[in-house]
Amino acid sequence: MTLISKLPHIETTIFTIMSKMATDEGAINLSQGFPGFGSDPILLEMVAKYTQAGYNQYSPMSGIPALRNILAKKTQLTQGYFPNPDQEVTIVSGATEAIFCAVTSVVRSGDEVIVLEPAYDSYEPAITLNGGVPVYVPLNQGDFSVDWERVKTAITSKTRAIMVNSPHNPSGYVWSVEDVNQLAELVENTGIYVISDEVYEHITFDNRQHISIGSHPILRDQTFVCGSFGKTFHVTGWKIGYCIAPEVLSGEFRKVHQYVTFSTVTPIQYALAEYLEEPERYLSIPDFYQKKRDLFAEGLAQTELEFVPSTGSFFQLVSYGHLSQLPDRVLAERMTKELKVACIPISVFYSDRRDDKIIRFCFAKEERELMEALNRLKGLKSIIY
Ligand code: PMP
Ligand code: GLN
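Residues numbered from 1 in each chain as written. Chains lettered and ligands numbered in written order. Predicted model: local features only at pLDDT ≥ 70, side-chain atom pairs only at ≥ 80, totals over all residues. Heavy atoms only, no water.

### Some points on the UniProt feature "domain: Aminotransferase class I/classII large" (unreviewed entry) in the protein
Step number 1: Mapped onto this structure's residue numbering, the UniProt feature "domain: Aminotransferase class I/classII large" (unreviewed entry) falls at residues 28-377.
Step number 2: The distance from the first to the last C-alpha atom of residues 28-377 is 11 Å, and the span holds 39% helix and 15% strand. (UniProt positions renumbered as here; feature names shortened; annotations may be inferred. Helix = DSSP H or I, 4+ residues; strand = E, 2+ residues; numbered from the N terminus.)

### Points about the site of ligand 2
Step number 1: Phe15, Gln32, Gly33, Tyr120, Asn169, Tyr200, Lys231, Phe315 and Arg360 make up every residue found near ligand 2.
Step number 2: Within the backbone of glycine 33, an N or O atom sits 2.6 Å from an oxygen atom of ligand 2.
Step number 3: Calculation on ligand 2 without its partners gives an accessible area of 300 Å², and the protein chains cover 79% of this total.
Step number 4: Under a 2 Å grid-point criterion requiring more than half of the atoms, the pocket assigned to ligand 2 is the largest pocket.
Step number 5: For the shell around ligand 2, the class distribution of residues is four nonpolar, three polar and two charged.
Step number 6: Counting contributing residues per domain, the shell around ligand 2 is built from domain 1 (14-32 + 284-380) and domain 2 (57-279), each supplying no fewer than three. (Near = heavy atom within 4 Å. Polar contact = N/O pair within 3.5 Å; in protein donor to acceptor, adjacent residues only side chain to side chain. Areas by Shrake-Rupley, 256 points an atom, 1.4 Å probe, with all protein chains shown as cover. 1 Å grid on protein atoms, 1.4 Å probe; cavity = no way out; pocket = protein on both sides within 12 Å on 5 of 7 lines; lining within 4 Å. Sits in = over half its atoms within 2 Å of the grid points. Nonpolar A, V, L, I, M, F, W, Y, C, P; charged D, E, K, R; others polar. Domains from an automatic or database assignment.)

### Describing the site of ligand 1
Step number 1: Near ligand 1, the surroundings consist of 13 residues, among which Thr96, Asp197, Tyr200, Lys231 and Lys239 are the closest.
Step number 2: At a separation of 2.6 Å, an oxygen atom of ligand 1 approaches a polar side-chain atom of threonine 96.
Step number 3: For ligand 1, an oxygen atom lies 2.7 Å from a polar atom in the side chain of lysine 239.
Step number 4: Protein contact buries 92% of the 400 Å² of open area that ligand 1 shows by itself.
Step number 5: In terms of residue count, helix H4 (residues 95-106) provides more of the shell around ligand 1 than any other element does, three residues in total.
Step number 6: Classifying every residue of the shell around ligand 1 gives five nonpolar, five polar and three charged.

### A short note on the environment of aspartate 143
Step number 1: Locating aspartate 143 in the fold gives a position in the loop between strand E4 (133-138) and helix H6 (148-154).
Step number 2: Along the chain, aspartate 143 and glycine 172 lie 29 residues apart, while their C-alpha atoms are 9.0 Å from each other.
Step number 3: Within the structure, the side chain of aspartate 143 is placed 2.8 Å from the side chain of serine 145, a separation counted as a polar contact.

### Quick word on helix H9 (residues 247-260)
Step number 1: The terminal C-alpha atoms of H9 lie 19 Å apart, and with 14 residues this matches the ideal 20 Å at 1.5 Å per residue to within 8%.
Step number 2: Every buried residue of H9 is listed here: Leu249, Ser250, Phe253, Arg254, Val256 and His257. (Expected span 1.5 Å × (residues − 1). Buried < 20%, exposed > 50% of the residue type's maximum accessible area, 1.4 Å probe, protein only.)

### A closer look at the packing of aromatic side chains
Step number 1: The tally for this structure, following the rule as stated, stands at 21 aromatic pairs.
Step number 2: Measuring from centroid to centroid gives 5.4 Å for tryptophan 148 and tryptophan 175, while their planes differ by 85 degrees, and the two rings are edge-to-face. Taken together, the positions of tryptophan 148 in helix H6 and tryptophan 175 in the loop between strand E5 (159-165) and helix H7 (177-187) put the pair 27 residues apart, joining distant regions of the chain.
Step number 3: Note on tryptophan 175: relative accessible area 5%, which makes it buried.
Step number 4: Members of the aromatic cluster, each reached through a chain of ring pairs, are Phe37, Tyr200, Phe288, Tyr289, Phe314 and Phe315.
Step number 5: Lysine 74 extends its terminal NZ or CZ atom over the ring of tyrosine 282, reaching a point 5.2 Å from the ring centre.
Step number 6: Lysine 365 extends its terminal NZ or CZ atom over the ring of phenylalanine 34, reaching a point 3.9 Å from the ring centre. (Phe/Tyr/Trp six-rings, centres within 6.5 Å; stacked < 30°, edge-to-face > 60°. Lys NZ or Arg CZ within 6 Å of the ring centre and 35° of its normal.)

### Quick word on the packing of helix H2 (residues 41-52) against helix H10 (residues 266-275)
Helices that pack against each other are described as a pair by the angle of their axes relative to one another and the distance between those axes.
Step number 1: Between H2 and H10, the least distance of the axes is 8 Å, while the angle of their chain directions is 135 degrees. In terms of axis orientation, H2 runs oblique to H10. As H2 packs across H10, the resulting crossing turns out to be right-handed. Contacts from Ile42, Leu43, Met46, Val47, Lys49, Tyr50 and Thr51 of H2 reach H10 at Pro267, Ile268, Tyr270, Ala271, Leu272, Glu274 and Tyr275.
Step number 2: Broken down by class, the residue content of the contact of H2 with H10 amounts to 11 nonpolar, one polar and two charged. (Axes fitted to C-alpha atoms, helices over the stretch in contact; angles between N-to-C directions. Parallel < 35°, antiparallel > 145°, perpendicular 65-115°, else oblique. Left-handed = near helix turned anticlockwise from the far one by under 90°. Contact = heavy atoms within 4.5 Å.)

### Digging into unusual backbone geometry
Step number 1: Note the cis peptide between glutamate 117 and proline 118, where omega equals 15 degrees.
Step number 2: When you line up the elements, proline 118 lands in the loop between strand E3 (112-117) and helix H5 (123-129).
Step number 3: With omega at 15 degrees, the peptide bond leading from asparagine 169 into proline 170 counts as cis.
Step number 4: Inspection of the secondary structure assignment puts proline 170 in the loop between E5 and H7.
Step number 5: The phi dihedral of lysine 239 is positive, around 45 degrees, even though this residue is not glycine.

Spelled out as structure tokens, the structure:
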């Protein structure tokens, strides 16, 4: 029997490859995006409390009411609108699931979906598995802002959805009010859905504010907002996230979620519902990460790499094209094996694997680990041969 793959071009993700290489080589792992420090012990105690108190069976399919309610309140506080917790908020097993279920809810065979690239790797397979066709629009070179003229040109009668991501992985670009308005202008009354990946909603710098697509009165009616508690509270391994969307969209979304996972880990939902009661616990995240961003940027300035400090997410892009024309994957491998610092080559975020000689570092690490990595990066010239 010959298995005909539905995803013949998909390989093991670069995050898995680089993290394994980092472990095998004993390198500092600034590749895959995950925090190198623990979560708040109070949150961990809450999880222990709820597991021991017996909250260990299936949760309601859409998530426990307490977590949906507090998430709606948080949305009111940070984004100025109150989604209906019963009909418009769904708890899922990570933003990856939210994105997959949102795409599956609206994309049919032959539909086009606009993807701004470089793009996070889970969008394309979700579109393809649903018979959709990704239509790639490159972000502007340099700052990775959106070229709205190009987006406009990419829209056709077959466009069913657009995937957006702010703060952006891998570039850290944070959408402005103008960006959100431009999107609204383009998709209003078109029947195009917006699937908005906002997993880095609480990681923005220099007083920039994250503007959720759901906060826009026109866009709200056609948008799935996808979020992740893993990113916000340094617990990526918990795989718990959410989707906020209007009732009709959430209804379809829940039909899919019901048969992808049915429900999400119960005791962690109870713990998060209690933990979110104090807004300071998420409002303090930008300051926490700004210190790391600043420290990393200061150190990078002592190396030969070129960069503009990240404005959001826990990633920093750097360019090396002025030093070498080595393919970015080769440089990433040499950095890991010889300098003992792992990073992610950016070409993998492009459908055509375009190589602009840019690599990505994750700075969600302890200060001493970042300092040691920066020290090793001073030896960059020695591996560029
Ligand atoms: N979107 C982006 C842009 C991400 O960086 C990540 C994190 N890996 C995800 C989605 C997935 O989030 P989760 O781990 O909650 O599935
Ligand atoms: N979002 C993480 C990153 O960009 C990786 C998550 C994963 O490995 N799937 O590095």
